[in-house]
Amino acid sequence: MKIRDGVALAAIVMVAAACGGHEDHALPGGGGIPQPGGTLKVVGSGDVDHLDPSSSYTVVAYNLNRTWTRQLVTYPASNDFEKAIAVVPDVAESLPEISGDGRTYTFKIRQGVRWNTKPARQVTAADFVRGLKRLANPVQPSGGISYYTQTIEGMQEFFNAFQKAPKTAAGIAHFMAANQIKGVRAVDAATLEIRLTNKASDFLNIMALPFASPAPVEYEKFVPDGPDFRQNTISLGPYQIGNYQAGRTILLVRNPSWNQEADPVRHQYVDRIQITLGQESADVVQQLLEAGLSDLSWDQPVPTSAIQRLNGDPGFHVYEGSSLNPFLVFNLQSPNNNRALADVKVRQAINYAVNKVAIAQIFGGPRLNTVVEGAIPPGSIGFDADVKPYMVPGHTGDPAKCRTMLAQAGVSGLVLQFPYRTTGNHAKVAQSIAGDLGKCGITSNLIATSPDDFYGRYLSSVAKSREGKWDIGGPGWLPDWYGNNGRSVVVPLFDGRNYTEGSTNYGAYNNPAVNALIDKALTAGTESAAAGYWKEANAMIMADAPIVPVISQNVPTFHSSRVQNAVYSPLSQQFDYTQLWLG
Amino acid sequence: MSLTDASAEAEHVPEEAPAVRGKGPWRLAWERLARDRAAMVSLGVIAVIVLLALLAPVFAAITGHDPQAQFPETGLTPEGLPVGPGSDFWLGADSLGRDLFIRILYGARISLLVGLLSTLLATVFGIVAGMVAGFYGGWVDGVLARVLDVVLSFPYLLVAIVLVAALGASVPLMIFVIAFFSFAAMARVVRGQTIAYKEREFIEAARSMGAGKVRTMFVDVVPNLIAPVTVLATLLIPTSIVFEATLSFLGLGVDPRTASWGAILADSVDFYRVAPGLLVFPALMLLLTTLSFNLLGDGIRDALDPRSDRLLPGK
């Protein structure tokens, strides 16, 4: 996903002491005998983007979803990264039965999974069909809709037709009753069958996203994610939303209809989870946690300046991430400088110039950041530590090499338009890169922008890109899931066939050979077969140098001393509220 | 602060002229100013700051640190924290490993440039607008006075943010924005003074001798405005400097690579606990500069207008 400002940055998990196997970091909260009860106090700045799981698309919303929604399959709670990214059954009894052609998935619904309606009601296959249909609703279509339209038979047609439906609760309900997704069928109350357009080794990862949550029939009374919906959520997880005030507070209380026997993943240790919003300062949040006045941060990162001091603190943990955050992208369409950036030699030269260690320092230094040399970051499928065509020993940049290569390319006096966001560390990153480029004779014209304008009026605008309003930019990218996630890394960033307004392939990179590899990887039957294609694509992309990979950020987290059994969730980049208890 | 009596200020008193000689009003004002210890100290501080700003390139050459050069290896810890004061970085480094001392000196250039130029611009506009409004009266005054009211009632920071966001940050734009929001205060004072003066006898005398309106304005009225305008301008300078620092603090000032006190202060927000110098030094400079200009402005007002009562006994 595109990284929003203010939301905890960075990515995937892996136990910090990965090479050592199970060291004391393996159970950061200490484990022990669970002690139920108490109120977990969470503090942070902003509200969720959407409360409706069909459209919520930020890490904080994912962490909230984990408490009150469930999916057919999900990720287990584990501080072992490899375990934490392997899909396990959730509402489904077991992993689905897959047909011989690899295109039909049959899920059996687990008995005892109930909605907290009055009276409590068993969740059915029809609820999952409704959930998938709602993703395509015309009012608040899911941000992740393309994952489903790309894979499920008839989903694209269903989506197209749904957009013409009336944008009212009644209109939406009527359309959903009258139209079916061709490939999705409730065989009976406990059996769901999904037919794919092609084999897709990552389909279960897609079904494990919170988007694929079931929806009870009651939701048909509300406009998706509307104010009425937000006051009438129905839970099937261990907690339910007891009080929601937009931008101010979210209170989670125990869901009496949930039972432990029917949930192999979550627990219900604390009584209540009180989330208090409106605290804009990461420094203050950190002080509250250290003073024990709050237990967890909702969305504020551990302040970079506190990292050095916190090393060794039992509440402080760093989990390895998988992101390109930030990376430097070239506008291949820019007419500026006689289209110099369309020349691969110029882009390669600039790849040598950037001091990646200096940018890692901006984000807290080597423990918190991993320097990246390829188009696919570690922790994502296709990552290849051997593909590092522009690596400079020490990763500190080589301006002399850059100068030589620019001279060989016959380019001099480059002046690059370089928009940057004024929020967070973006201005520092821009200054650091501009300084590196200056050393190899390239002038940067830094343009201050708001976060929205940065994408809307520069990087993601087709017209502005073609006009040359920007030449280079420093966006960030966080995959929507880890492991088998080429669909969430290579496709959005490097598949040139879908370049359009709002594209995340900002530079309009388009290489038919890479596109062909993408198709092969997506339709490969197994993850290992897909991995080979993704690796090939990675090498090919780096030869074209449409970006300068810089760093993958690891995730520093902190919890108060009361928090026990803190298990980190890679998907939401926070400790899983359904695993911990208070000491 | 309290000021002691004249005996302690003997060294500031200019030597008495041996022969009896008429003293002009400016000389008298200077003598009064010279006896004002706070104003004189302020003048000295301002002179030192100006000198430091002028000598910034010399210090950059001595330390070998260009104001924009980043030294991530020597200026930062591996975790990215700025190093403290030392022989290499005299006042420490900032969060990108740039020399804080050098950047503060270059920041003084920006502050003084913006402060002085925008005040000059505001003064010129203010005098013209205020004098035209006051002298012509009638509908001209009505229109101009309302325009000034509108400008004065603007939420100036918001407008400045919008303008900078729309047009891009640059020093000339900053000077213009600050001048635009400062000139109204100046124009109001000038208008009031002009209205008061234009009924006085010496203006009538000039008119009766056939002087035109423009001539009367510039030859007869302007000299009488110098005192209030000088005072107000001196007090506008620190306001402009703070305004520039505010915009830079918000990331809307000059190019982020250009050293500016406001930008350094913004940088310190994340690091003041581990690198207090990042907060203390630019804040101290900002405080010293604005305080000096304010005290000097106070002193000038007292010197030019001996009838006014002083808040603090200075002589």
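Residues numbered from 1 in each chain as written. Chains lettered and ligands numbered in written order. Predicted model: local features only at pLDDT ≥ 70, side-chain atom pairs only at ≥ 80, totals over all residues. Heavy atoms only, no water.

For chain B, an unreviewed UniProt entry supplies the name Peptide ABC transporter permease and the organism Acrocarpospora phusangensis.

(A) Seen up close, the overall build of chain B. In terms of regular secondary structure, chain B is built from 11 helices and 0 strands. Ordered by position from the N terminus, the helices and strands of chain B form the series α-α-α-α-α-α-α-α-α-α-α. Counting only C-alpha atoms, chain B reaches 80 × 55 × 30 Å along its principal axes. Considering only intrachain contacts with a sequence separation of at least 6, the fraction spanning at least 24 residues in chain B is 73%. In the form shown here, chain B has an accessible surface area of approximately 15,400 Å², with 68% of it arising from carbon and sulfur atoms. Averaged over its 23 positive side-chain charges, chain B has a centre that lies 10 Å from the centre of its 27 negative ones. (Helix = DSSP H or I, 4+ residues; strand = E, 2+ residues; numbered from the N terminus. Contact = heavy atoms within 4.5 Å. Areas by Shrake-Rupley, 256 points an atom, 1.4 Å probe, with all protein chains shown as cover. Lys, Arg positive; Asp, Glu negative; His and termini not counted. Charge placed at Lys NZ, Arg CZ, Asp CG, Glu CD.)

(B) The overall build of chain A, seen in detail. A count of helical and extended segments in chain A gives 20 helices and 26 strands. Against the 2.2 N^0.38 benchmark of 25 Å for 583 residues, chain A shows a C-alpha radius of gyration of 24 Å, consistent with a compact globule. Dimensions of chain A, computed from C-alpha atoms along their principal axes, come out at roughly 75 × 55 × 40 Å. Here chain A holds 583 residues, and 62% of them are scored as buried. For chain A, contacts bridging at least 24 residues in sequence account for 73% of all contacts bridging at least 6. Charge centroids of chain A, computed over 48 positive and 50 negative side chains, lie 3 Å from each other. (Rg over C-alpha atoms; globule rule 2.2 N^0.38 Å. Buried < 20%, exposed > 50% of the residue type's maximum accessible area, 1.4 Å probe, protein only.)

(C) Local environment of the UniProt feature "domain: ABC transmembrane type-1" (unreviewed entry) in chain B. In this structure's numbering, the residues bearing the UniProt feature "domain: ABC transmembrane type-1" (unreviewed entry) are residues 108-297 of chain B. Between the C-alpha atoms that bound residues 108-297 of chain B the distance is 19 Å, and the span itself is 84% helix and 0% strand. (UniProt positions renumbered as here; feature names shortened; annotations may be inferred.)

(D) Up close: the interface of chain B and chain A. At the interface, 23 residues of chain B touch 23 residues of chain A. Buried surface at the junction of chain B and chain A, both sides included, amounts to about 1,900 Å², of which 47% is carbon and sulfur. For A:K428, the salt bridge goes to B:D267, with nearest N and O atoms at 3.4 Å. Our count for the chain B to chain A interface comes out at 9 residue pairs in polar contact (both at pLDDT 80 or more). (Buried area = accessible area lost by both parts, 1.4 Å probe. Salt bridge = Lys/Arg side-chain N within 4 Å of Asp/Glu carboxyl O. Polar contact = N/O pair within 3.5 Å; in protein donor to acceptor, adjacent residues only side chain to side chain.)

(E) Expanded view of a nonpolar patch on the surface. A surface patch of nonpolar side chains, about 630 Å² in accessible area, is lined by B:V50, B:L51, B:L54, B:L55, B:V58, B:I62 and B:W90. The set of elements that each furnish at least two residues to the nonpolar patch consists of α2 (37-54) and α3 (56-63) of chain B. (Patch = residues over 30% accessible without salt bridge, like charges linked within 9 Å, V, L, I, M, F, W, Y side chains within 5 Å.)

(F) Here's a closer look at the environment of A:F494. Residue and element names in this part refer to chain A. Its location among the elements puts F494 in helix α18 (residues 486-494). For F494, a relative accessible area of 1% corresponds to the buried category. Here the alpha-carbon distance between F494 and A375, two residues 119 residues apart in the chain, equals 9.2 Å. Those residues in contact with F494 that lie beyond four places of it in its chain are A375, N505, Y509, N515, I541, P546 and I547.

(G) The arrangement of the packing of helix α1 (residues 25-34) of chain B against helix α11 (residues 277-304) of chain B in detail. Residues and elements named next belong to chain B. Interaxial distance between α1 and α11 falls to 8 Å at its minimum, and their mutual angle equals 135 degrees. Put simply, α1 runs oblique to α11. Here α1 and α11 pass one another in a crossing that is right-handed. Of the residues in α11, those in contact with W26, A29, R32 and L33 of α1 are G299, I300, D302, A303 and L304. (Axes fitted to C-alpha atoms, helices over the stretch in contact; angles between N-to-C directions. Parallel < 35°, antiparallel > 145°, perpendicular 65-115°, else oblique. Left-handed = near helix turned anticlockwise from the far one by under 90°.)

(H) Main features of the pairing of strand β1 (residues 39-43) of chain A. Residues and elements named next belong to chain A. Where β1 and strand β12 (residues 272-276) come together, 5 bridges link them in parallel fashion. In the sheet register, K41 faces β12, and the bridge partner there is Q274. Relative to strand β13 (residues 296-297), β1 runs parallel, the two being bridged by 2 bridges. Paired with V42 across the two strands is L296, which belongs to β13. (Pairing = 2+ DSSP bridges.)

(I) Structural context of the packing of aromatic side chains. All names here are of chain B. Summed over the entire model, instances satisfying the criterion amount to 28 aromatic pairs over all chains. For the pair F125 and F183, a centre-to-centre distance of 6.4 Å together with 70 degrees between the ring planes defines the contact as edge-to-face. Placement of the pair is F125 in helix α4 (residues 100-136) and F183 in helix α7 (residues 171-198), with a sequence separation of 58 residues. For F183, a relative accessible area of 11% translates into the label buried. Connected via pairs of aromatic rings, a cluster forms that spans F125, F154, F176, F180, F181 and F183. (Phe/Tyr/Trp six-rings, centres within 6.5 Å; stacked < 30°, edge-to-face > 60°.)

(J) Representation of the nonpolar core. By size, the foremost hydrophobic cluster in this structure holds 82 residues, and its most contacted members are A:L40, A:Y148, A:I152, A:I194 and A:W298. Formed by 72 residues, the second largest nonpolar core is a distinct cluster that contains A:A353, A:V354, A:I442 and A:A530. (Core = buried A, V, L, I, M, F, W, Y, C linked by side-chain atoms within 4.5 Å.)

(K) Region of the structure containing helix α10 (residues 261-268) of chain B. Within α10(B), 6 of the 8 residues are buried, leaving the element largely enclosed by the surrounding structure. Every buried residue belonging to α10(B) is among B:W261, B:G262, B:I264, B:L265, B:D267 and B:S268, and all of these are buried. Its buried side turned inward, α10(B) meets α15 (426-439) of chain A together with α4, α9 (213-249) and α11 of chain B.

(L) Fine view of the confidence of the model for chain B. Per-residue pLDDT for chain B has a mean of 86; in total, 90% of the residues score no lower than 70. On the interface metric, ipTM, the complex scores 0.80, and its pTM is 0.86. (pLDDT = per-residue confidence, 0-100.)

(M) How the structure looks around the pairing of strand β11 (residues 249-254) of chain A. All names here are of chain A. Among the 6 residues that make up β11, 5 are buried, leaving the element largely enclosed by the rest of the structure. Alignment of strand β10 (residues 239-245) against β11, held across 6 bridges, turns out to be antiparallel. When the sheet's bridge partners are listed, I241 is paired in β11 with L252. If you look at the hairpin formed by β10 and β11, you'll find 3 residues sitting between the two strands, and G247 has a positive phi there, around 75 degrees. Judged from the 5 bridges that link them, β11 and β12 form a sheet pairing that is antiparallel. Considered in β12, the bridge of L252 is made with I273.

(N) Spatial organisation of the UniProt feature "transmembrane region" (unreviewed entry) in chain B. Residue and element names in this part refer to chain B. The positions UniProt marks with the feature "transmembrane region" (unreviewed entry) are residues 38-62, 110-136, 156-181, 225-254 and 274-297. Between the C-alpha atoms that bound residues 38-62 there is a distance of 33 Å. The span itself is 96% helix and 0% strand. Helix makes up 88% of residues 156-181 and strand 0%, whereas the separation of the span's terminal C-alpha atoms amounts to 7 Å.

(O) Main features of the sheet that holds β10(A). Strand order in this open sheet of 5 strands is β10-β11-β12-β1-β13 (chain A), and the pairing throughout is mixed. Pairing within the sheet leaves two strands with one partner each, and these edge strands are β10 and β13 of chain A.

(P) Inspection of unusual backbone geometry at higher detail. All names here are of chain A. A cis geometry characterises the amide bond from K118 onward to P119, with omega recorded as -5 degrees. Here the bond from N325 into P326 is cis, since omega is -5 degrees, no more than 30 degrees from zero. For P326, the location among the structural elements is in the loop between β14 (316-319) and β15 (327-330). For N337, which is not glycine, the phi torsion reads 50 degrees and is therefore positive. Inspection of the secondary structure puts N337 in helix α11 (residues 336-339). One non-glycine residue, A508, lies in the positive phi region at around 60 degrees. Among the secondary structure elements, A508 is positioned in the loop between α18 and α19 (512-522).

(Q) Geometry of the side chain of A:D225. Residue and element names in this part refer to chain A. Note that D225 resides in the loop between α7 (203-207) and α8 (227-231). Separated by 3.0 Å, the side chains of D225 and R230 make a polar contact. If we skip the residues at most four places from it in the chain, D225 touches D49, H50, L51, D52, S55, Q140 and R230.

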